[in-house]
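Examining the three-dimensional arrangement
Listed here are the chains, written in short residue letters.
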Protein chains: 2
Amino acid sequence: MTAITSQNENFSEWYNQVIQMADLAENAPVRGCMILKPYGYSIWENIQKILDKKIKDTGHKNAYFPIFIPKSYFSKEAEHVDGFAKECAIVTHCRLKQNDNNIIVDPESQLDEEYIIRPTSETIIWNSFSKWIRSYRDLPMKINQWANVCRWEMRTRPFLRTSEFLWQEGHTAHTTRQEALEEVMTMLDTYYDFGKEYLAIPFIKGRKTENEKFAGADETYTLEALMKDGKALQCGTSHLLGQHFSKSFDVKYLNKNNSLEYVWGTSWGISTRIIGALIMTHGDDKGLILPPKIAPVQIVIVPIFNDVDELNKIKDYIKVIIDELEKKDIAVEFDDREEYRPGYKFNEWEIKGVPLRIVVGMNDIKNNTIELVRRDTFEKLSVNIDTSFNEILKILDNIQDNLYNMALSFRENHTFFINDYSEFKDKIKKKDGFIFAHWDGSTITEQKIKEETQATIRCVPLNVKQENGKCIYSNRASEYRVMFAQNY
Amino acid sequence: MTAITSQNENFSEWYNQVIQMADLAENAPVRGCMILKPYGYSIWENIQKILDKKIKDTGHKNAYFPIFIPKSYFSKEAEHVDGFAKECAIVTHCRLKQNDNNIIVDPESQLDEEYIIRPTSETIIWNSFSKWIRSYRDLPMKINQWANVCRWEMRTRPFLRTSEFLWQEGHTAHTTRQEALEEVMTMLDTYYDFGKEYLAIPFIKGRKTENEKFAGADETYTLEALMKDGKALQCGTSHLLGQHFSKSFDVKYLNKNNSLEYVWGTSWGISTRIIGALIMTHGDDKGLILPPKIAPVQIVIVPIFNDVDELNKIKDYIKVIIDELEKKDIAVEFDDREEYRPGYKFNEWEIKGVPLRIVVGMNDIKNNTIELVRRDTFEKLSVNIDTSFNEILKILDNIQDNLYNMALSFRENHTFFINDYSEFKDKIKKKDGFIFAHWDGSTITEQKIKEETQATIRCVPLNVKQENGKCIYSNRASEYRVMFAQNY
C-alpha cells in the first residue's frame, strides 16, 4: 500500500488520496459527479438517521417532490433565477431512437417546455404550498425532503462541489416574520448541535452578507467550519425567505380576522458536503479519523494468529466482548481475513478512520488481556478483558470529546484579530485561518477585498461584540468585526 | 366531506379519490409525476426501514451512483437499449440565459454527449463493477441503491406508473451461475416474506416468459398480486442477468486457478408502486385500510368532549395507555382538534386507513372503559382500561392476520382453472382474477392471446404442478399451466 501524501506537502492531494484509499467515493464517468461507495455512503446513512430524527423531533414531516422543475417556475422569483437557473441540467427531449447503428435523440420528442433538474426545490414546493395553504389552521407548514439535486458546477471536488449531490432541504411557511425567524434559528441551532455532538465539528454561527446570501432570501444564516489547511467550509445554511416566494407563488392564508395575508417562508439544508468537512477537520497523515458517534465501524478487532487453530481460539476468547458491544449497538468489525498480515490491516483501518482498534493475540489469552489502540492519539493500552467493556465505552466517549476539543483549539489557534490591511493580505495569502476584521458594510468594499486577496466574508458571527473600529480596507467607521477567510 | 365512489361503481375513480382524500399524493405540475405528500411518504419510509434492514441482513451494502447515464452506455447491451432507452428524460444542455424578458436554454451549452436520467442503473453500476472486481476475493459483490428513477411513460397513474418514481435496486456479481440464481431466489423470497409479514399481501412467485422478462436478463422472477378489481399488479422483480452485462462491460475476475472469467449478475427491485398494491389489496368503500405493521399511525384516539375541561379529563385518563403504547414503539395519534366533530374525525381516519380507533368519552371515565373500533371489520369493543393494553396488542396482531387472510381468500375465490378458450375470453373480459391455463410455450401464441383478450401471462408460478394438457389457444401439448390476467 502506498503512503498518503502528507497534509503539509499538498493538502489537496492528501484529501483526494484519503477519499480514494479509505474507499469513500470515486469520480464517476459523468462530468463532475461522484460515486458514493459503500463505506462513504454508510457515513451519509448515519448522518441521515441522526439528522432525520432531529428534524422530525422539531415538528417537520418528510415528503417528496419531483426532480423536474418547469423552466418557467424559475422566472417567477427574480433573484432566484439569477442565482440558480444558470448552470443546471436541462431536459429537452424524452425519446431516443435507433439510427443505423447509433442511438440518437429523437428530434420529434422535444418537450414543449424544458425541465430543469432541481438545483434546489423552493419553486416546486412553493407551487404546492399555494394549494395546500388556505387558512391559519394550515400553518405553520413544515416540510422536509431528502433528495438528490444538481448544479452544473465548473470546477468540482468530491463531496465539496459536485454536479449531483445528496442533501436534505427543509421548507416551511409561517404566519409571521418573527415565527419564520425563530424557525430559521431553531434549524441553525439544530445543525450546530448536531455538529458539536456527533460530527465533533465546532461551527461558527453567523449571518451572510447581502452579497453572499441565498438568491431569494431576506437573510441567510450559515455554519462555517475551519479546515486543517486554514480554509473555511460553509457546512449548512438556514434562510429567512421573507415573503419572496409567497408573493411569487401567491401563497396567502385566511387569518383569524378572515382576511388574506402572504405567509413567511424559510428553507435550510445540509448536504453530503459535510462528509468533506469531516475529512478535513479530523483527518491526519495516516488518513481519515471518524468521530465514534458517526463512524460506520466504531471498533475493529484485529486478531494476531499463525494458523486457523489460533484464530478460532481468539474468536472464542473475544466473543463475549463482541456480544456485549453489539448489545449496546456499537458497530464492531472482526477482521479475520487470512490473506492479509496484521500490519496491513492496521494500516487499512487507520486510513478508514476507525476510532478504536482492539488487538488480540495468544499472549493476551494467556494474560487475560486485550490491547486497545486509539486512532486519534495512537495511545496503546493493555487492559484486563474482564473489565474492558466499560473501559472501551469510556475511551470512545473520550475520543469523541478529544476530536471536538482538538478541532476547537486548532480553530482558536488559527483565529486572528487584524486591523492592518497589509497584515490582513499576508495572513490571507498564507491561508492561516479565520480573520476577524472591521468592514464598512458595503458590497463594493467586500468585492474589492475579494479581488485583491481572495478572502470572502464568511459571516457576521451571531452575538458579535460591539466595538468601534475602522474598516480594514476603506478606513470608514465600523461597529463590529466580521469573519474573513479563504473558502472552498 | 364528500363520499368516495364505491369500488363496484368505478374502481379507478375510487382509487384516485382514496389517494386524494387520504392525503397520500397528488399530481405534480410536471407531466406524469406525482408529489408524495407527508402521509403517503411516511408509508414509504416505513417500507424503506424494514426492507433496508432485510437487504442488509442478507449481506448487501448501500451505495449511490449518479442519476446521469451517458447515452453511449445504453448501446453496450443490445437488449437493454431496446427495453429502456426509448421513453426517457434526456439532458442535452447545461445552461440557461436571459433573453430579453425570457429565460431560454443557452444553445452554446449543448453537451458533447447527452445524458439519460437513469431508468434503471445496470449500465452505470456495471461500469463501476468493471473497476471494482479484480479477483475472486472481490466476489460476491452485493450492492443496493435507494434512488429516484425516470421512465417517460405515456399513460401514468399515481404510484402504479409515474414518470419519476422511488425504488431500491440491488445489483450483484457472482463467480457462478448457480450462486447468482441463489441470490435471485433469496431476494425474491425476501420480497415475498416482506409482503406476507408486513404488507399483508399474498404474492404469487413465478418466472416471467421470454416476452415479459427484463431487457438484458436471462430470466426474470416476479411477485404478482391480485387487486380487488380482479387485475394483476407486478409488485417486485428479481433478475438473473447471466453474463449479459459482464460481457458488455467487460467485468472479469481472476479465479483461484489464475485465469480470467466473466462474472454472473443479478438485479432486483421494489418501488413506490407497492403503495398502490397496498391501496388496492386492502382498501374498501370507506377508504384505505393499512396493515398495522406498515401504518404510519397505528392507533388514533378520538376523545368525545363538550368543552376543554372534559378534554383535559380525557387526556389525563388516557395518558397511561398512550405512554404504554409509545414505550412499545406503537404510533399513536391523539386527535384533540377542537374545530372538528367526532364524526368528521372518524371519517377522516377511516379514509386514512388507521387500523384501530380508540374512542373515549365521559361515560368511559365513569365506567373505567375505552371503546375500540377495528378498521377492517368495524367491530366495536368496550374494554376495561386497566386490562386494555394487551387487548390492543392482540387486536393489532389480529387485524394484521385478518387482512392477509382476507386478501388470500379473495385471491383463492378469484383463481380459476380454465381449459376452454371461449370461457377464458369471458372470464378475462370480466377481469375476474387469475386464470391458470395451459399454454404451448410460444411467444406468438402469447401475443395472439394478448391481442384478442388483453390478458398477459403474469408468470409461470414456481413449483407449478406437472400436468399434461393442451394449449388453450393452439391446442398444442403443454406440460403445466401458466397464470394469465389483465394487468396494470
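Each remark here, short or long, concerns the structure printed above.
All of the points below concern the structure found in this document. Being a predicted model, the structure only gives us computed values, none of them experimental.

Comments concerning the interface of chain A and chain B
Between chain A and chain B, the residue contacts involve 66 residues of the former and 66 residues of the latter. Between chain A and chain B lies a buried interface of about 5,300 Å² when both sides are counted; carbon and sulfur atoms form 64% of it. Remark: the boundary between chain A and chain B carries six salt bridges. Among the salt bridges present, the one from Arg-137 of chain A reaches Glu-339 of chain B, with a minimum N-O distance of 3.8 Å. Applying the counting criterion to the chain A and chain B interface returns 28 residue pairs in polar contact (both at pLDDT 80 or more). For the side of chain A that touches chain B, the leading source of residues is strand β5 (residues 87-99) of chain A, giving 11 residues. Alignment of β5 of chain A against strand β5 (residues 87-99) of chain B, held across five bridges, turns out to be antiparallel. Following the sheet pairing, His-93 of chain A is matched in β5 of chain B by Ile-90 of chain B.

Notes on the sheet that holds strand β23 (residues 456-461) of chain B
Residue and element names in this part refer to chain B. With mixed pairing, 11 strands are arranged side by side in an open sheet as β3-β8-β9-β15-β12-β11-β10-β23-β26-β22-β21. Strands with a single pairing partner mark the edges of an open sheet, and in this sheet they are β3 (61-62) and β21 (415-417). Along the sheet, helix α8 (residues 273-282) contacts β11 (219-226), β12 (232-242) and β15 (264-271); its crossing angle with β12, the most-contacted strand, is approximately 145°.

Description of the packing of helix α2 (residues 38-57) of chain B against helix α6 (residues 177-199) of chain B
All names here are of chain B. The contact between α2 and α6 brings their axes to 11 Å, and the two run at 140°. Helix-helix and strand crossings are classified by hand; for α2 and α6 the assignment is right-handed. Between α2, through Ile-47, Ile-50, Leu-51, Lys-54 and Ile-55, and α6, the contact on the second element is made entirely by Met-187, Thr-190, Tyr-191, Phe-194, Glu-197, Tyr-198 and Leu-199. Across the contact of α2 with α6, the residue classes tally to nine nonpolar, one polar and two charged.

As for the relation of the copies chain A and chain B
The two copies are related by a screw motion: chain A maps onto chain B through a turn of 180° and a shift of 0.0 Å along the axis, at an RMSD of 0.0 Å. In short, the pair behaves as if placed about a two-fold rotation axis. Considering only C-alpha atoms, the residue of chain A closest to the rotation axis is Val-91 of chain A, which sits at 2.1 Å. Of the interface residues in chain A, 100% have counterparts in chain B that sit at the interface too, so the contact is made through matching surfaces.

Digging into the pairing of β15 of chain B
Residues and elements named next belong to chain B. Across the eight residues of β15, eight count as buried, placing the element largely inside the fold. Of the two faces of β15, the one lined by Trp-264, Thr-266, Trp-268 and Ile-270 and the one lined by Gly-265, Ser-267, Gly-269 and Ser-271 are each fully buried. Pairing of strand β9 (residues 164-174) with β15 involves eight bridges; the strand directions are antiparallel. Within the sheet, the bridge partner assigned to His-171 lies in β15 and is Ser-267. Bridge analysis of β12 against β15 gives five bridges, and the strand direction is antiparallel. Its bridge partner being in β15, Thr-237 is matched across the sheet by Gly-269.

A closer look at the sheet that holds strand β18 (residues 356-360) of chain B
All names here are of chain B. The sheet built from five strands is open, its strands ordered β17-β16-β18-β19-β20 with mixed pairing. The open sheet has two edge strands, β17 (332-334) and β20 (380-384), and neither has a second partner. When strand polarity is set aside, the average angle formed by the axes of neighbouring strands in this sheet is 25°. One ladder, built from four bridges, connects β18 with strand β19 (residues 369-374); its direction is antiparallel. Looking at the pairing, Arg-357 lines up with Val-373 of β19. Contacts between helix α9 (residues 308-327) and the sheet are confined to β16 (299-303), β17, β18 and β19, with β17 contributing the most and set at about 170° to the helix. Here helix α10 (residues 342-351) sits on the sheet in contact with β16, β17 and β18, set at roughly 170° to β16.

Cut-off values and rules
Residues numbered from 1 in each chain as written. Chains lettered and ligands numbered in written order. Predicted model: local features only at pLDDT ≥ 70, side-chain atom pairs only at ≥ 80, totals over all residues. Heavy atoms only, no water. Contact = heavy atoms within 4.5 Å. Buried area = accessible area lost by both parts, 1.4 Å probe. Salt bridge = Lys/Arg side-chain N within 4 Å of Asp/Glu carboxyl O. Polar contact = N/O pair within 3.5 Å; in protein donor to acceptor, adjacent residues only side chain to side chain. Helix = DSSP H or I, 4+ residues; strand = E, 2+ residues; numbered from the N terminus. Pairing = 2+ DSSP bridges. Axes fitted to C-alpha atoms, helices over the stretch in contact; angles between N-to-C directions. Left-handed = near helix turned anticlockwise from the far one by under 90°. Nonpolar A, V, L, I, M, F, W, Y, C, P; charged D, E, K, R; others polar. Least-squares fit on C-alpha atoms with pLDDT ≥ 70 in both. Buried < 20%, exposed > 50% of the residue type's maximum accessible area, 1.4 Å probe, protein only.

Interpretation in functional terms is not warranted from these geometric data alone.
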